[in-house]
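Observations on the three-dimensional arrangement
Residues per chain are reported as follows:
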Number of protein chains: 2
Amino acid sequence: MQVTIKDVAKKAGVSPSTVSRVISNHPRISPKTSAKVKQIMEEMGYHPNLAAKSLVSKKSNTLGVILHRPAEELFLNLFFSEFIRGIVTQATRSGYDLLMTSGATEKDEMEAMTRFIKGGRVDGIILLSSRNGDGMVNYLRSQQFPFVLIGRSNEHDDILSVDNDNVQAAYDVTKYLISLGHTRIGFVSGPPQLVVSQDRMEGYKQALQEFGLPLRSHWIVEGEFLQESGYRAMSMIMGLSDRPTALIVTDDLVAYGVLKGITELGFHVPDDISLFSFNNISISELTTPPLSSVDIGIYQLGYTASQTLLRDIQENHREQNRIIIPHRLMIRQSCARVD
Amino acid sequence: MQVTIKDVAKKAGVSPSTVSRVISNHPRISPKTSAKVKQIMEEMGYHPNLAAKSLVSKKSNTLGVILHRPAEELFLNLFFSEFIRGIVTQATRSGYDLLMTSGATEKDEMEAMTRFIKGGRVDGIILLSSRNGDGMVNYLRSQQFPFVLIGRSNEHDDILSVDNDNVQAAYDVTKYLISLGHTRIGFVSGPPQLVVSQDRMEGYKQALQEFGLPLRSHWIVEGEFLQESGYRAMSMIMGLSDRPTALIVTDDLVAYGVLKGITELGFHVPDDISLFSFNNISISELTTPPLSSVDIGIYQLGYTASQTLLRDIQENHREQNRIIIPHRLMIRQSCARVD
DNA sequence: CTGAAAGCGCTTACAG
DNA sequence: CTGAAAGCGCTTACAG
């Protein structure tokens, strides 16, 4: 019932090999034959069977993504749709599809990955996050299977990755606050085991040091990527006698909690304290006052990851291992000048 | 280099057919043989080649999703990650993966779908939305290809679909507001061509009629699924001499705009006007005051769509065509009693 | 420029 | 309970 290459060949009066060559735009095929075969394919509604093609070519024209486990979903969920859109859009343009699966445990995840790789289901893998001691990265490297990491790995600096310069971004934010006259600047950070937390903390410290400003450990809070995390931190921070006049917050959702906490304690942003956060998800525009936030180019991270991986697969050569997506400070109304 | 069924067969001293039967748990295979073969497979790190399997079995063990075009992304984006998580989780449990692609135009979308179906890449399709006159639905029906629609189609009532009872949900919300003493209730709706908008409007009208309450056309606004849409509507609504004491809003993001508009005009929620919205996305908890909203079970919609489609594919029989996911009114602080 | 043939890794009637 | 053989729909050296 399915129209095959043989059916087309018979009707066109050529051999299956010729039809195959027409499909793949083989150079040594006469324009006349090509045109005729193409017309017949159109008439008969021919569509190549991908399984057969994949079986012989050892290519699937598919990229794979493994969904992270629930435990890590909170942070990434807000980015997820933008990541995926970026990845799929670019992949589709290059004639690739995206295959997704999930694993309930780390063991499940590894099995899913093995199935993808060993079963020939994908030609490359996109990792949506990295944690210290990431088994995925080690496995993929040992298999020499093409992959790209969105983010940065502490252990491996020779893998293909797409990331922001989070050190620089945090440095830029800190410097911006300093330029407004702030000298007591605090930091509400995320989980310390995440590379992104480490990088942002580093940029913050660098800027303070460069401008000779004090770094006080009680101005720094490490929490989760949760609203409550920011909310809870405020009773402590705002109760300090030498409390900061500005806070850098590692994520918009956390900043939302921070904002809520500050407001409930009877303080006002930005008059009593300035706020600058990261990621620029939709919520940051919606708060009162609208939050200044660092746009990290989520769509572009996904898009570029896809593009970079495909280039690595197809051309098998890399211009560079680490691609940096530029960030932008989105200045809104949550920061005030102090004297 | 790849370990094949032949390699395993040779090492186990059996035929390839036997190995194949062990893999598929064929009943008539001796436990002894099975155990031995399984052990060898483990030892050799055998993984079945999915392309070969798919080529002969005509099954891909994959479900397909086509990403909607940018024009329609706004509304769905906020649901997207939950939908996908629900779909993937259930699919993975049944041994299926999810294949995604996108199309820039409707033509692209149709081509992508054809590629999926005719190329044997997927065994079923999940449609994330429906619009009036949906070419996808017509095509899939004409091909008799398994698919499920998340939502409801006006034109086809015999297709597999997973949806909320949006008429009932809007009815419930309206009745709740009436029970608080409201008699002048307005409605901020979404695009009228969407079935979901039509259904919610219908439930609202039914409740008003049942309780003999007035339906005023100037209390009804039709807009987009955008914050601005709600924001802009407020200058008109709040300026009415007989303005409503409660508003039902079709989406949390729109409700956020409504809330902002009301507040900027110097009014207060819920003292001056009550607000009840739909969808219960994360933002609804975060507003001041927290918004009452209808939880529509986004994850469950995705999960059930996946489950229903797989049952249709595997067992080829349906218990019912239209599955309803229950909704829940999440009562927060945006509605007040009036006398 | 084109064809005949082999083969990709699996499944499944058909025999025994 | 197990094996030999054919075949799924394609690609690609090898010939000509």
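Fair warning: this is a prediction, and the values are worked out from it, not measured in the lab. (Residues numbered from 1 in each chain as written. Chains lettered and ligands numbered in written order. Predicted model: local features only at pLDDT ≥ 70, side-chain atom pairs only at ≥ 80, totals over all residues. Heavy atoms only, no water.)

This next bit is on the UniProt feature "domain: HTH lacI-type" (unreviewed entry) in chain A. Mapped onto this numbering, the UniProt entry annotates "domain: HTH lacI-type" (unreviewed entry) at residues 3-57 of chain A. For residues 3-57 of chain A, the helix share is 69%, the strand share is 0%, and the end-to-end C-alpha distance is 20 Å. (UniProt positions renumbered as here; feature names shortened; annotations may be inferred. Helix = DSSP H or I, 4+ residues; strand = E, 2+ residues; numbered from the N terminus.)

Our focus in this paragraph is helix 2 (residues 16-23) of chain B. All names here are of chain B. Taken together, the buried positions of helix 2 are occupied by Thr 18, Val 19 and Val 22. Each buried residue of helix 2 sits inside an arc of 100° when the element is viewed along its axis, so together they form one side. Summarising the contacts, the buried residues of helix 2 are in contact with helix 1 (5-12) and helix 3 (31-44). One or two positions beyond helix 2, positive phi appears at Asn 25, with a value near 50°. (Buried < 20%, exposed > 50% of the residue type's maximum accessible area, 1.4 Å probe, protein only. Arc of directions from axis to C-beta. Contact = heavy atoms within 4.5 Å.)

What follows is about the nonpolar core. In a soluble, globular protein the nonpolar side chains are often hidden away together inside. Formed by 105 residues in total, the largest nonpolar core has its most connected members in A:Met100 and B:Met100. In this structure B:Met100 touches A:Ile84, A:Val88, A:Asp97, A:Leu98, A:Met100, B:Val65, B:Leu67, B:Phe80, B:Ile84 and B:Phe116, once residues within four positions along its chain are discounted. Counting 34 residues, the second-largest nonpolar core is a separate cluster that includes A:Leu99, A:Val137, A:Phe147 and B:Ala112. (Core = buried A, V, L, I, M, F, W, Y, C linked by side-chain atoms within 4.5 Å.)

To continue, consider the packing of aromatic side chains. Residue and element names in this part refer to chain A. The full count for this structure, using the stated rule, is six aromatic pairs over all chains. Between Phe 187 and Tyr 204, the ring centres sit 4.8 Å apart and the planes meet at 45°, which makes this aromatic pair tilted. Taken as a pair, Phe 187 in strand 6 (residues 185-189) and Tyr 204 in helix 9 (residues 195-210) lie far apart in primary sequence, 17 residues in all. Neither residue differs from the other here; Phe 187 and Tyr 204 are each classed as buried. Taken together, a centroid distance of 6.0 Å and an interplanar angle of 25° make the contact between Tyr 299 and Tyr 303 stacked. Of the two residues, Tyr 299 and Tyr 303 both sit in helix 13 (residues 298-315), four residues apart, roughly one turn of that helix. Judged by its relative accessible area of 32%, Tyr 299 is partly exposed. Positioned over the ring face of Trp 219 is Arg 216, at 5.8 Å from the centre of the ring. (Phe/Tyr/Trp six-rings, centres within 6.5 Å; stacked < 30°, edge-to-face > 60°. Lys NZ or Arg CZ within 6 Å of the ring centre and 35° of its normal.)

Going from A:Val269 to A:Pro270, the amide bond is cis rather than trans, its omega being 5°. For B:Asn279, which is not glycine, the phi dihedral falls at a positive 95°. By the secondary structure assignment, B:Asn279 is in the loop between strand 9 (274-278) and helix 12 (283-286).

Further remarks concern the environment of A:Leu275. Residues and elements named next belong to chain A. Position of Leu 275 relative to the elements: it lies in strand 9 (residues 274-278). Spatially, the C-alpha atoms of Leu 275 and Ala 255 are 7.7 Å apart, while their sequence positions differ by 20 residues. Filtering out sequence-adjacent residues up to four positions away, Leu 275 remains in contact with Leu 247, Ala 255, Val 258, Leu 259, Ile 262, Val 269, Leu 291, Ser 292, Ser 334 and Cys 335.

Once that is clear, we can look at the protein's contact with DNA strand C. Of all residues adjacent to DNA strand C, which total 26 residues, the nearest are A:Thr18, A:Arg21, A:Thr33, B:Ile5 and B:Ser20. Take A:Thr33: an N or O atom from its side chain is 2.4 Å from a phosphate oxygen of DNA strand C. Between a phosphate oxygen of DNA strand C and a main-chain N or O atom of B:Asn49, the distance comes to 3.0 Å. Sorting the residues of the surface near DNA strand C by element identifies helix 2 (16-23) and helix 4 (50-57) of chain A together with helix 2 and helix 4 (50-57) of chain B as the ones contributing at least two each. Among the elements that take part in the surface near DNA strand C, helix 4 of chain B stands out by supplying four residues, more than any other. Split into classes, the residues belonging to the surface near DNA strand C amount to ten nonpolar, eleven polar and five charged. (Near = heavy atom within 4 Å. Polar contact = N/O pair within 3.5 Å; in protein donor to acceptor, adjacent residues only side chain to side chain. Nonpolar A, V, L, I, M, F, W, Y, C, P; charged D, E, K, R; others polar.)

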